[in-house]
Amino acid sequence: ALGVLLGRIGDVSGAERAFNELIDLGDRISAQARALALISVAWVAIEARARGQAASDPEPKLAAALAILSSDAAQQDLLLSAETRLNLVYAILLRGDAPAARAALAELVAPTRMLRRWRDFLRARIELLMDAPHAALRGFSAVTNDANEASDRGLQWSAMVGAGEALEQLGRDDDALDRYRHAARMHARDLDGVAIDAGRERYAAERDRGAQRLVALLVRLGRNAEALC
């Protein structure tokens with residue numbers, strides 16, 4: 001709980017220390033608990049790196065968690081294993097290795113529709129990183145439709161930003177601006193529903209990428225008055 005709270009307020013090193021104390025207990029805690037601690041400390045690092053903060057490499061922790069989850073010492077948990085592999089793919093994408101991310105994603109078995117949506121989202125992000133914006137845009141559009149049907153707001157927002165990035169790569173700047181504006185409006189509406197004492201600041205830090213990309217694109221296009229507004 002301490003590690004989660006420290007991660008929520010952006011104290012990356014404090015969160016890592018808390019989770020590492022748990023991991024260092026070794027065999028004194030269950031294999032499942034060790035795996036969850038490894039996944040948690042890796043996720044804190046992933047979020048930090050996505051924000052541009054310094055953090056330890058999350059990939060060895062996720063690989064260690066997958067090894068535990070596939071061992072006889074842990075009860076088989078296909079859902080947790082799939083979520084962990086998705087996190088590993090995301091971590092690989094953050095360091096910009098599209099071929100390795102694609103190889104890791106190919107090993108994923110997604111047992112739920114929600115995880116299949118996130119798998120498809122990561123596949124579209126891989127296409128984006130591999131300079132295949134047409135394929136990425138098709139992927140993000142399909143994910144958006146599926147997420148809309150499931151009322152999956154987080155994935156709707158993520159796919160909207162991804163579609164904007166793909167359109168920007170294609171030189172369709174006005175369409176990209178529309179997607180970024182939509183993502184920024186979604187974020188503003190959703191933020192109103194997050195209580196002040198329930199991590200609003202952290203939520204804002206994670207989800208304002210649409211507004212950031214909107215401003216950056218307007219500046220690149222020389223539309224500074226709109227960017228300031």
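Small disclaimer: the values here were computed from a predicted structure and weren't measured. Numbering of residues starts from 1 in each chain and follows the order in which that chain's sequence is written. Local features are withheld for residues below a pLDDT of 70 in this predicted model, meaning they are given only at 70 or higher, and side-chain atom pairs are given and counted only at 80 or more; totals for whole chains, interfaces and linings count all residues. Only hydrogens and water are removed before side-chain values are computed, so all heavy atoms of the structure are retained for them.

Colleague: What exactly am I supposed to notice about the packing of aromatic side chains here?
Modeller: In this description, a pair of aromatic rings is defined by centroid distance and the angle of the planes. Stacked, tilted and edge-to-face are the three classes applied to pairs of Phe, Tyr and Trp rings, where Trp contributes its six-membered ring and a pair requires centres within 6.5 Å; stacked means planes under 30 degrees apart, edge-to-face means over 60, and tilted covers the rest. Under the definition given, this model contains 3 aromatic pairs. Between Trp118 and Phe121 the ring centres are 5.5 Å apart and the planes differ by 80°, which places this aromatic pair in the edge-to-face class. You can see Trp118 and its partner Phe121 sitting in helix H7 (residues 113–129), 3 residues apart, about one turn around the helix. Ring centres 5.7 Å apart and planes at 55° place the aromatic pair Phe121 and Phe140 in the tilted group. Of this pair, Phe121 sits in helix H7 while Phe140 sits in helix H8 (residues 133–150), and the two are 19 residues apart along the sequence. Like Phe121, the residue Phe140 is buried in the burial classification. Counting every residue linked through ring pairs, the aromatic cluster contains Trp118, Phe121 and Phe140. Each helix corresponds to a stretch of at least 4 residues labelled H or I by DSSP, and each strand to a stretch of at least 2 residues labelled E; elements are numbered beginning at the N terminus. To sort residues, take the accessible area from a 1.4 Å probe on protein chains only and compare it with the maximum for the residue type: under 20% means buried, over 50% means exposed, and anything in between is partly exposed.

Colleague: For this particular structure, what's the right way to read the packing of helix H5 (residues 78–94) against helix H6 (residues 98–106)?
Modeller: A pair of packed helices is characterised by two quantities: the angle between their axes and the separation of those axes. The convention used is that axes are lines fitted to C-alpha atoms, helices contributing only their stretch in contact, and that angles between N-to-C directions extend from 0 to 180 degrees. Here H5 crosses H6 at 175°, and the two axes come no closer than 8 Å. Taken together, the axes of H5 and H6 lie roughly antiparallel to each other. Contacts between H5 and H6 involve Arg85, Leu86, Val89, Ile92 and Leu93 on the former and, on the latter, Ala100, Ala101, Ala104 and Leu105. Polar here means any residue other than Ala, Val, Leu, Ile, Met, Phe, Trp, Tyr, Cys and Pro, which are nonpolar, and Asp, Glu, Lys and Arg, which are charged; Gly is therefore polar. Residue composition of the contact of H5 with H6, by class: 8 nonpolar, no polar and 1 charged. Note on angle classes: values under 35 degrees are labelled roughly parallel, values over 145 roughly antiparallel, values of 65 to 115 roughly perpendicular, and the remainder oblique. The contact definition used throughout considers only heavy atoms, calling two residues in contact when any of these lie within 4.5 Å.

Colleague: How should I be thinking about the environment of His134 in this particular structure?
Modeller: Structurally, His134 is set in helix H8. For His134 and Ala163, which are 29 residues apart along the polypeptide, the C-alpha to C-alpha distance reads 9.9 Å.

Colleague: Help me out: how do you make sense of the nonpolar core in this one?
Modeller: Note that soluble globular proteins tend to have their nonpolar side chains buried in a common cluster. The nonpolar core is taken to be a set of buried Ala, Val, Leu, Ile, Met, Phe, Trp, Tyr and Cys residues, with the residues joined through side-chain atoms within 4.5 Å. The biggest cluster of nonpolar side chains holds 45 residues, and the ones touching the most others in it are Val89, Ile126 and Phe140. Looking at which element gives the most residues to this core, the answer is helix H9 (residues 153–169), with 8 residues. Core analysis: the second largest hydrophobic core is formed by 20 residues, Ala18, Ala48, Ile68 and Leu80 among them.

Colleague: Mind showing me how you'd approach the side chain of Glu127 here?
Modeller: For Glu127, the location among the structural elements is in helix H7. Ignoring any residue separated from it by four or fewer positions in sequence, one finds Glu127 in contact with Arg102, Ala132, Ala135 and Ala136.

Colleague: What is the right way to look at H9 in this model?
Modeller: One less than the number of residues in a helix, times 1.5 Å, gives the span that helix is expected to have. When the terminal C-alpha atoms of H9 are compared, their 25 Å separation across 17 residues agrees well with the 24 Å that a helix rising 1.5 Å per residue should span. Burial of H9 is extensive: 13 of the 17 residues sit out of reach of the surface. Gly171 sits one or two positions beyond H9 and adopts a positive phi of about 80°.

Colleague: Whenever I open this one, the packing of H5 against H7 confuses me. Can you help?
Modeller: Running from N to C, H5 and H7 cross one another at 15°; their axes reach a closest spacing of 11 Å. Looking at the two axes, H5 sits roughly parallel to H7. Judged by the sense of rotation from one axis to the other, the crossing of H5 with H7 is left-handed. Across the interface between the two elements, Leu79, Ala82, Glu83, Leu86, Val89, Tyr90 and Leu93 of H5 pack against Leu115, Trp118, Arg119, Leu122, Arg125, Ile126 and Leu129 of H7. By residue class, the composition of the contact of H5 with H7 is 11 nonpolar, no polar and 3 charged. For any pair of crossing helices, the crossing counts as left-handed if the nearer helix is rotated counterclockwise from the farther one by less than a right angle, and right-handed if it is rotated clockwise.

Colleague: Explain the pattern of salt bridges to me, please; I cannot follow it from the model alone.
Modeller: Think of a salt bridge as a Lys or Arg side-chain nitrogen and an Asp or Glu carboxyl oxygen that are within 4 Å of each other. Scanning all chains against the criterion turns up 19 salt bridges. Two residues, Asp120 and Arg123, come together in a salt bridge whose shortest N-O distance is 3.0 Å. One end of the pair is Asp120 and the other is Arg123, both in helix H7 and 3 residues apart, which spans about a single turn. The class for Asp120 is partly exposed, based on a relative accessible area of 25%.

Colleague: What is the right way to look at helix H12 (residues 209–220) in this model?
Modeller: It helps to recall that an α-helix has 3.6 residues per turn; residues three or four apart then point in one direction. With 12 residues, H12 should reach 16 Å at 1.5 Å per residue; the first-to-last C-alpha distance of 16 Å fits that figure. Turning to H12, its buried residues number three or more, namely Gly210, Leu214, Leu217 and Leu218. All buried residues of H12 fall inside an arc of 100° around its axis, so they share one side. Directly after H12, the chain includes Gly222, whose backbone phi takes a positive value near 80°. Each C-beta atom gives one direction from the helix axis, and the arc is the one those directions make.

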